[in-house]
Every structure is written in C-alpha cells, then in structure tokens.
Amino acid sequence: PAAFRRWKGVDPISLFDAEVERIEPDDGKSCIPGQLAAEAAKCHAVVLWLDCDREGENICYEVLETVVPNLAPHNRLRAPPLPQNPKEFD
C-alpha cells in the first residue's frame with residue numbers, strides 16, 4: 001500500500017502486518033506468465049530461489065500459481081519404507 005512506500009515515515013513493526021498488494025505491470029499484459037507456463041510444460045519439477053522476505057515469498061507464490069498446473073506429468077518416486085527394527089539397517 002502507498003502508506004508504506006516511504007522508508008522514513010513507516011514504523012518497521014507495522015510492516016509485519018501490512019497487507020500484500022499485487023501489482024501487475026502493463027495492466028496484466030505481461031508475457032512472463034505465458035513463458036513460465038510454456039517452460040513448465042517441459043519440466044517435472046521447479047526450484048525457486050528468491051529473497052527471504054515478504055516480497056520474495058509473494059513472488060514465489062505467484063510463480064507457483066502459474067507453473068505448478070502446467071508441469072509435465074511424471075511418475076512420482078517414493079523411498080522404500082524404513083524397517084521397523086533398527087537392527088535391520090545393518
């Protein structure tokens with residue numbers, strides 16, 4: 001929100017409860033979501049490395065909203081069950 005855009009006029013504690021505002025550049029005409037969806041169709045997994053702050057977290061969720069529904073189908077790999085008896089590890 002506009003009230004939080006001034007560095008010197010905002011109490012930092014209030015930022016923890018501030019509402020996140022989604023702003024799309026170019027009035028939503030950006031081609032980035034389409035590009036992400038097209039790339040996701042060729043992948044089985046996605047790894048995101050973003051800043052560890054609220055903005056980075058919000059970007060991560062926005063990317064996942066576009067990418068996850070478009071990921072290529074794949075067989076899930078599962079680890080074998082662990083033995084019940086610790087002596088079976090040997």
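Everything here concerns the structure above.
Since we're looking at a predicted model, the values are computed, not measured. (Residues numbered from 1 in each chain as written. Predicted model: local features only at pLDDT ≥ 70, side-chain atom pairs only at ≥ 80, totals over all residues. Heavy atoms only, no water.)

Take the overall build of the protein chain next. In terms of regular secondary structure, the protein chain is built from two helices and zero strands. Whereas a compact globule of 90 residues would reach a radius of gyration of roughly 12 Å, the protein chain reaches 21 Å, over 25% beyond that. Along the longest, intermediate and shortest principal axes, the C-alpha atoms of the protein chain span 65 × 35 × 15 Å. Here the protein chain holds 90 residues, and 11% of them are scored as buried. If you take every contact in the protein chain between residues at least 6 apart in sequence, the share linking residues at least 24 apart comes to 58%. Accessible surface computed for the protein chain: about 8500 Å², of which carbon and sulfur atoms make up 57%. Charge centroids of the protein chain, computed over 10 positive and 16 negative side chains, lie 2 Å from each other. (Helix = DSSP H or I, 4+ residues; strand = E, 2+ residues; numbered from the N terminus. Rg over C-alpha atoms; globule rule 2.2 N^0.38 Å. Buried < 20%, exposed > 50% of the residue type's maximum accessible area, 1.4 Å probe, protein only. Contact = heavy atoms within 4.5 Å. Areas by Shrake-Rupley, 256 points an atom, 1.4 Å probe, with all protein chains shown as cover. Lys, Arg positive; Asp, Glu negative; His and termini not counted. Charge placed at Lys NZ, Arg CZ, Asp CG, Glu CD.)

Looking now at a negative patch on the surface. Among the surface-exposed residues, Asp 51, Asp 53, Glu 55 and Glu 57 lie close enough to one another that they form a single negatively charged patch. The class for Asp 51 is exposed, based on a relative accessible area of 57%. (Patch = residues over 30% accessible without salt bridge, like charges linked within 9 Å, V, L, I, M, F, W, Y side chains within 5 Å. Salt bridge = Lys/Arg side-chain N within 4 Å of Asp/Glu carboxyl O.)

Now for helix 2 (residues 54–67). Here helix 2 is 14 residues long and its end C-alpha atoms lie 20 Å apart, about the 20 Å a rise of 1.5 Å per residue gives. On the buried face of helix 2, the contacting elements are helix 1 (32–40). (Expected span 1.5 Å × (residues − 1).)

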